[in-house]
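Listed below are the residues making up each chain.
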Amino acid sequence: MMSGQTPTRFSLFRRNNGWFGVLVSAVGLLLFLASFMAALLVEGSQEGAVDTQATVSRLMELEHRTGIKKRDKSWAVYVNYTVEGQSYSGSESVSRTFFDQLMEGDTLPISYLPESPETIWIEHYSSKEWFSWLRYGGLAILALGAYLIRGVWSYAGGAIRMLQSGERVAARVTGVKDVSGSREKAYRLLWEDGEGATGQTLNLSEARKARYPVGSEIEIMRDPAKKMRPIWVGDVTS
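The shown structure was predicted, so the numbers you read here are calculated from the model rather than taken from an experiment. (Residues numbered from 1 in each chain as written. Predicted model: local features only at pLDDT ≥ 70, side-chain atom pairs only at ≥ 80, totals over all residues. Heavy atoms only, no water.)

Student: Explain the side chain of Glu123 to me, please; I cannot follow it from the model alone.
Tutor: Mapped onto the fold, Glu123 is located in the loop between strand S5 (116-121) and helix H4 (129-165). Take Glu123: its relative accessible area is 3%, and that puts it in the buried class. Only 3.1 Å separates the side chain of Glu123 from the side chain of Ser127, close enough to count as a polar contact. Once you skip the residues sitting within four places of it in the chain, Glu123 turns out to touch Glu92, Val94, Ser95, Phe98 and Lys128. (Helix = DSSP H or I, 4+ residues; strand = E, 2+ residues; numbered from the N terminus. Buried < 20%, exposed > 50% of the residue type's maximum accessible area, 1.4 Å probe, protein only. Polar contact = N/O pair within 3.5 Å; in protein donor to acceptor, adjacent residues only side chain to side chain. Contact = heavy atoms within 4.5 Å.)

Following this line, the structure appears as structure tokens:
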């Protein structure tokens, strides 16, 4: 964006990394939709399943090595049940919550396929941890993305409001803050106006930072609606 050019709200939204909020929202939405797709797949695999009662024969807490020093746990329920007078046994990995509700000898409902009675489902998919993570995790990430989008969009609107009708005053650069990441250099100018109010700019490149040495004068804008902190003009127009 060239210096002095009037920006649009959308251009400021992009410039201030509003795309990151969009990306976060997209990930959350995909996870949330994936929970419904997973439910459809599970329901499809259980089409024609019949319900019956089973007896818990054993409860097992299993430990698995997932790394040199890391171990993970899983929980399995073993059951005995009868289909058309014939006895069967089976097992399924379940969530910790479901596992903790059972004791050996308990009776609980299960589902099985009539053409393959050995194929059973003990815990309903909707209470499994992976399903809950997809559903509620997706909603939480979607909400975070919406919050980020709203914040950047509000900032962009406020910045344009300041540019159009805000009070412009001089401020002095009092320092430089290094906010460099692992891949690129980035800096922020620290400033103070004549009334003692302080603030800082958005990230600047090393070359752009060099144009504003400590002690130099910059122009800042104050929000006429008093909803936002003062902003350096250069954060909006260049």
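Student: Just checking my understanding: could you explain the packing of aromatic side chains for this structure?
Tutor: Aromatic ring pairs: the centre-centre distance and the angle between the two ring planes describe each pair. Tallied over the full model, the rule gives eight aromatic pairs. Every member of this aromatic cluster is reached through a ring pair, and the members are Phe10, Phe13 and Trp153. For Arg58, the ring lying beneath its charged end belongs to Tyr78, and the centroid distance is 4.4 Å. Directly above the aromatic system of Tyr187 lies the positively charged group of Lys209, at a separation of 4.5 Å from the ring centroid. (Phe/Tyr/Trp six-rings, centres within 6.5 Å; stacked < 30°, edge-to-face > 60°. Lys NZ or Arg CZ within 6 Å of the ring centre and 35° of its normal.)

Student: Please explain the sheet that holds strand S8 (residues 198-200) as it appears in this structure.
Tutor: Across a sheet, paired strands are connected by hydrogen bonds in the backbone, their directions being either parallel or antiparallel. What the five strands build is an open sheet, ordered S8-S7-S6-S9-S10; its pairing is antiparallel. The strands lining the two open edges of the sheet, one partner per strand, are S8 and strand S10 (231-232). As paired strands, strand S6 (residues 167-178) and strand S7 (residues 187-193) are joined by seven bridges and run antiparallel to one another. Across the sheet, residue Arg172 finds its bridge partner in S7, namely Glu192. Against the sheet, H4 makes contact with S6, strand S9 (217-222) and S10, and its axis sits at roughly 105° relative to S9, the strand it touches most. (Pairing = 2+ DSSP bridges. Axes fitted to C-alpha atoms, helices over the stretch in contact; angles between N-to-C directions.)

Student: What am I meant to see in helix H2 (residues 18-45) here?
Tutor: Three- or four-residue spacings in an α-helix give side chains the same orientation, since the helix completes a turn every 3.6 residues. With 28 residues, H2 extends 41 Å between its outermost C-alpha atoms, agreeing within 8% with the 40 Å of an ideal straight helix rising 1.5 Å per residue. Of the positions making up H2, those classed as buried are Gly18, Gly21, Val24, Ser25, Gly28, Leu31, Phe32, Ser35, Ala38, Ala39 and Val42. Those residues of H2 that are buried are in contact with helix H1 (9-15) and H4. (Expected span 1.5 Å × (residues − 1).)

Student: I tried to follow the nonpolar core on my own but got confused; where do I start?
Tutor: The nonpolar side chains of a soluble globular protein tend to be buried with one another. Ranked by size, the top nonpolar core spans 17 residues in total, and within it Val77, Val79, Tyr81, Leu108, Ile110, Ile120 and Ile122 carry the most contacts. Where this core is concerned, the elements lending two or more residues are strand S1 (50-65), strand S2 (71-83), strand S3 (86-94), helix H3 (96-100) and strand S4 (107-113). Of all the elements, S2 adds the most residues to this core, at five residues. Among all residues touching Ile120, those that are not within four sequence positions of it are Val79, Tyr81, Gly90, Ser91, Ile110, Ser111 and Tyr112. (Core = buried A, V, L, I, M, F, W, Y, C linked by side-chain atoms within 4.5 Å.)

Student: What am I meant to see in the packing of H2 against H4 here?
Tutor: If you want to describe how two helices pack, look at the angle between their axes and the distance between the axes. It is at 7 Å that the axes of H2 and H4 come closest, and there the two elements cross at 160°. It follows that H2 is roughly antiparallel to H4 by the angle criterion. For the element pair H2 and H4, the recorded crossing hand is left-handed. Of the residues that constitute the contact of H2 with H4, the class distribution is 22 nonpolar, seven polar and one charged. (Parallel < 35°, antiparallel > 145°, perpendicular 65-115°, else oblique. Left-handed = near helix turned anticlockwise from the far one by under 90°. Nonpolar A, V, L, I, M, F, W, Y, C, P; charged D, E, K, R; others polar.)

Student: Looking at this model, I keep getting lost on unusual backbone geometry. Mind explaining?
Tutor: Despite not being glycine, Asn17 has its phi angle at roughly 65°, a positive value. Look at Glu84: it is not a glycine, yet its phi comes out positive at around 50°. Topologically, Glu84 is positioned in the loop between S2 and S3. For Glu84, a relative accessible area of 84% corresponds to the exposed category.

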